[in-house]
Amino acid sequence: MLLPDSKTELVRRGNKVVYDLGDKIVKVFNETKPVSDVFNEALNLARINECGIRSPKALEVSQLENANGWALVTEKVPGTTLAEKMTAEPQRFGEYLEMFVDLQIEIHGYTSPLLNRQRDKFARMIDSLDQLNATTRYNLQERLDGMTKEFKVCHGDFNPSNVIVGDDGQLYVCDWAHATQGSPAADVATTYLLFALNSKDQAEAYLELYCDRADMPMQVVRQWTSIVAASELARKRNVNDEFLKNWIDVVDYQ
Ligand SMILES: Nc1ncnc2c1ncn2[C@@H]1O[C@H](COP(=O)(O)OP(=O)(O)OP(=O)(O)O)[C@@H](O)[C@H]1O
Ligand SMILES: [Mg+2]
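Calculation rules
- Residues numbered from 1 in each chain as written.
- Chains lettered and ligands numbered in written order.
- Predicted model: local features only at pLDDT ≥ 70, side-chain atom pairs only at ≥ 80, totals over all residues.
- Heavy atoms only, no water.
- Helix = DSSP H or I, 4+ residues; strand = E, 2+ residues; numbered from the N terminus.
- Rg over C-alpha atoms; globule rule 2.2 N^0.38 Å.
- Buried < 20%, exposed > 50% of the residue type's maximum accessible area, 1.4 Å probe, protein only.
- Contact = heavy atoms within 4.5 Å.
- Areas by Shrake-Rupley, 256 points an atom, 1.4 Å probe, with all protein chains shown as cover.
- Pairing = 2+ DSSP bridges.
- Axes fitted to C-alpha atoms, helices over the stretch in contact; angles between N-to-C directions.
- Donors = N, O, S within 2.8 Å, 3.2 Å for Na, K, Ca; no water.
- Phe/Tyr/Trp six-rings, centres within 6.5 Å; stacked < 30°, edge-to-face > 60°.
- Lys NZ or Arg CZ within 6 Å of the ring centre and 35° of its normal.

Asks: Just checking my understanding: could you explain the overall build of the chain for this structure?
Replies: A count of helical and extended segments in the chain gives nine helices and 10 strands. Relative to the 2.2 N^0.38 estimate, which gives 18 Å for 254 residues, the radius of gyration of the chain is 18 Å and therefore close to what a compact globule would have. C-alpha extents for the chain along the principal axes are approximately 60 × 40 × 35 Å. When burial is assessed residue by residue, the chain has 47% of its 254 residues classed as buried. A separation threshold of at least 6 residues defines the contact pool for the chain, and within that pool the share at least 24 residues apart is 66%. For the chain, the accessible surface area stands at approximately 12,700 Å², while carbon and sulfur atoms represent 48% of it.

Rendered as structure tokens:
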């Protein structure tokens, strides 16, 4: 595809730039991004579209003609993200958090039997961790083995910047790059860590609300936290490593 001149840059991060093309959104990855990851994100999105979760439609995966790298094109959902709303109206944080939690619980009610398996992904990521010794990796794998097997749709990066309050009043979820089928509690542990990076208070408020509304024991989320922190560490973003390692120390060595 040709990137048009008339585009607005929305986000620029590590290996990608997200542009608004008016009626479409294009995520442009540089040449360091494995092309299989771009197709995987598109396939995840197509599967999520098909299972009925409100999400932008996947339209195209294409090599760029006037630059290096690959692009993922999706429909644009006109609206505002929940993150923007939470920042603009902090006094309404509680109200937005309720919408956010109810939406995540709704997603956890879906299944999509062909999505990648969360357990396989965690096992692979823990195995690849060169920052942890073999004993700690073994402990984490054992803990993962001991967790109940579930097959619910998990977003894998569910945070308020990936929820769009559409101009039609409906909520939509974007950014399905990390989606898997697995345990909702692991997905909750991920969201908890994402909140905790910025605010421990918000993280605790989120966790309490989710567990209360979904009737989920908090202890189960806590059991997942070390596994999730380890797999985040394996992404090698090299930010927040100390924060993540502190969560991995939660592993019980007995
Ligand atoms: N289909 C869409 N419609 C409207 N806005 C979108 C759409 N897709 C993305 N956006 C906006 O662009 C922002 C960045 O997109 P996205 O979340 O997919 O990328 P990212 O967070 O950089 O990805 P990743 O989490 O994989 O690193 C979103 O937070 C949202 O504001
Ligand atoms: Mg995002």
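Asks: Please clarify how the sheet that holds strand β5 (residues 70-75) should be interpreted in this entry.
Replies: Taken together, five strands build an open sheet; the order of strands is β1-β2-β3-β5-β4 and the sheet is antiparallel. With one partner strand each, in any of the chains shown, β1 (8-13) and β4 (58-63) form the two edges of the open sheet. Across the sheet, the mean angle separating the axes of adjacent strands is 20° when strand polarity is ignored. Both β1 and strand β2 (residues 16-20) contribute to a ladder of five bridges, which runs antiparallel. Across the sheet, residue valine 11 finds its bridge partner in β2, namely valine 18. Packed onto the sheet, helix α1 (residues 35-51) meets β3 (24-29), β4 and β5 and runs at close to 15° relative to β5.

Asks: I tried to follow the coordination of the magnesium ion (ligand 2) on my own but got confused; where do I start?
Replies: Each angle at a metal carrying four tetrahedral donors should ideally be 109.5 degrees, and each at a metal carrying six octahedral donors should ideally be 90 or 180 degrees. Coordination sphere of the magnesium ion (ligand 2), protein contribution only: Asn162 (OD1) and Asp175 (OD), at 2.1 to 2.2 Å. Note that asparagine 162 is positioned in the loop between β7 (152-154) and β8 (163-166) and aspartate 175 in the loop between β9 (171-173) and β10 (180-182), a separation of 13 residues in sequence. With relative accessibility at 5%, the residue asparagine 162 sits in the buried group.

Asks: Help me understand the environment of leucine 21, please; the structure alone is not making it clear to me.
Replies: Position of leucine 21 relative to the elements: it lies in the loop between β2 and β3. For leucine 21, a relative accessible area of 19% translates into the label buried. Considering only alpha carbons, one finds leucine 21 and glutamate 98, 77 residues apart in sequence, at a separation of 31 Å. Discounting chain neighbours no more than four positions away, the residues touching leucine 21 are Met1, Pro4, Lys7 and Val26.

Asks: What's the story with the packing of aromatic side chains in this structure? I'm lost.
Replies: Geometry of an aromatic ring pair is reported as the spacing of the ring centres plus the angle between the planes. Applying the stated rule across the entire model yields eight aromatic pairs. Seen from their ring centres, phenylalanine 195 and tyrosine 206 are 5.4 Å apart, and the 35° between their planes marks the pair as tilted. Taken together, the residues span a long stretch of sequence, with phenylalanine 195 in helix α6 (residues 184-198) and tyrosine 206 in helix α7 (residues 200-214) at a distance of 11 residues. Note on accessibility: phenylalanine 195 and tyrosine 206 belong to one class, buried. On the numbers, 6.4 Å between centres and 50° between planes, the contact of tyrosine 206 with tyrosine 210 is tilted. Within this pair, tyrosine 206 and its partner tyrosine 210 are both found in helix α7, separated by four residues, close to a single helical turn. Like tyrosine 206, the residue tyrosine 210 is buried in the burial classification. An aromatic cluster is built from Phe100, Phe158, Phe195, Tyr206 and Tyr210, whose rings are joined through pairwise contacts. A cation over an aromatic ring shows up here: lysine 7 above the ring of tyrosine 19, its NZ or CZ 5.3 Å from the ring centre.

Functional significance is not addressed by these values, which are geometric in nature.
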